[in-house]
Structures are given as structure tokens and as C-alpha cells.
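Reading the structure
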Amino acid sequence: MGIKNTTKPLKPRSAARQAPVRARTGIAAALFSATQQRVLALLFGQPGRSFFTNELIGLVGAGSGAVQREVRRLVESGLVTVTRIGSQKHYQANPAAPIFEELRGIVTKTLSSATEPPHA
């Protein structure tokens, strides 16, 4: 009543003949959600610039709740600073954060096309 295995075991190929393993998921996708990628790309791709809330929401192209949630987490972790200017909150990458340079490097290497400002 058992099932008979009729397939032959595969022979191992030599390392020299093996094709390189192709990544099925990009590095950024493995590390961050799509919304996180876009928020990080904006803030750490242009660390000298601050973004107000509605601007981030529009540029990220995700729901306001999702963007605000990600930004709040970044502020709470100390990776992003928030400054009130009038009635608006402005967010900016925090260069004093202990992993600022490393995170900026990750963003630059994995999200490089998303970090470039749009051309006018």
C-alpha cells in the first residue's frame, strides 16, 4: 500500500559547472516592505532635505495611515527627526542616529533609482 518512488536521484554537479543562483527577491524587498522602501528612499536618499507629512504621503503613493505609521516608527527609533513648522510636521533623516551612514548606504545600494529626485 505504499507509494513507490520511481524517480532517480539527481547527480550533484561540480561547482565549476553550476549556474549562479539567481535572486528571486530583491534585497530591498527582502529587508523592507514596499511602503518602508519608498519612505526610506526619500528620507535617506535625500538626507539634507525635510518632507512635510502630506508631501511624503503623495510622493510615497501609499495610504496616509501606512505612511504615517512608518514615519512614526522611524521617529520613535531615532532614525528620523520631526520638526514643527507652523501647523506642519517636517521629517528628515537623523544624521546623529547611530546607524545613519549604514542605513544611508543600504538605501543607496538597494533603492538607488528611488532616491534620485524627479527631473523637472
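Further up the page is the structure itself.
It should be emphasised that the depicted structure is a prediction, and the values quoted were computed from it without experimental measurement.

Basis of the calculations
- Residues numbered from 1 in each chain as written.
- Predicted model: local features only at pLDDT ≥ 70, side-chain atom pairs only at ≥ 80, totals over all residues.
- Heavy atoms only, no water.
- Core = buried A, V, L, I, M, F, W, Y, C linked by side-chain atoms within 4.5 Å.
- Buried < 20%, exposed > 50% of the residue type's maximum accessible area, 1.4 Å probe, protein only.
- Helix = DSSP H or I, 4+ residues; strand = E, 2+ residues; numbered from the N terminus.
- Contact = heavy atoms within 4.5 Å.
- Pairing = 2+ DSSP bridges.
- Patch = residues over 30% accessible without salt bridge, like charges linked within 9 Å, V, L, I, M, F, W, Y side chains within 5 Å.
- Areas by Shrake-Rupley, 256 points an atom, 1.4 Å probe, with all protein chains shown as cover.
- Salt bridge = Lys/Arg side-chain N within 4 Å of Asp/Glu carboxyl O.

Here we take up the nonpolar core. Within the largest apolar cluster, 25 residues are counted, with the highest numbers of intra-cluster contacts made by Val39, Leu40, Leu43, Phe44, Leu56, Val67 and Leu74. Breaking this core down by element, the ones donating at least two residues are α2 (34-45), α3 (53-60), α4 (64-77), β3 (88-93) and α5 (100-110). With six residues, the single largest contributor to this core is α2. Excluding residues within four positions of it along the chain, Leu40 makes contact with Phe32, Gly45, Leu74, Leu103 and Val107.

With that settled, consider the pairing of β3. Where strand β1 (residues 51-52) and β3 come together, two bridges link them in antiparallel fashion. Within β3, the position partnered with Phe51 by the bridge is Tyr91. Across six bridges, the pairing between strand β2 (residues 80-85) and β3 is antiparallel. When the sheet's bridge partners are listed, Thr83 is paired in β3 with His90. Counting the residues that bridge the hairpin from β2 to β3 gives two residues, and of these Gly86 lies at a positive phi of roughly 65°.

Let's shift gears to a nonpolar patch on the surface. Side chains of Ile27, Leu31 and Ile106 sit close together on the surface and give an oily, nonpolar patch of about 280 Å² of accessible area. When you line up the elements, Leu31 lands in helix α1 (residues 27-31).

This paragraph deals with the sheet that holds β3. Taken together, the three strands give an open sheet; going across it, the order is β1-β3-β2, and neighbouring strands pair in antiparallel fashion. Each edge of the open sheet is held by one strand with a lone partner, namely β1 and β2.

Further remarks concern the pattern of salt bridges. Evaluated as defined, the whole model comprises three salt bridges. With its nearest N and O atoms 3.9 Å apart, the salt bridge here joins Arg73 to Glu70. One end of the pair, Arg73, and the other, Glu70, are both in helix α4, three residues apart, so they sit about a helical turn from each other. Put simply, Arg72 and Glu76 hold a salt bridge, and the shortest N to O gap is 3.9 Å. Of this pair, Arg72 and Glu76 both sit in helix α4, four residues apart, roughly one helical turn. Since its relative accessible area comes to 45%, Arg72 is described here as partly exposed.

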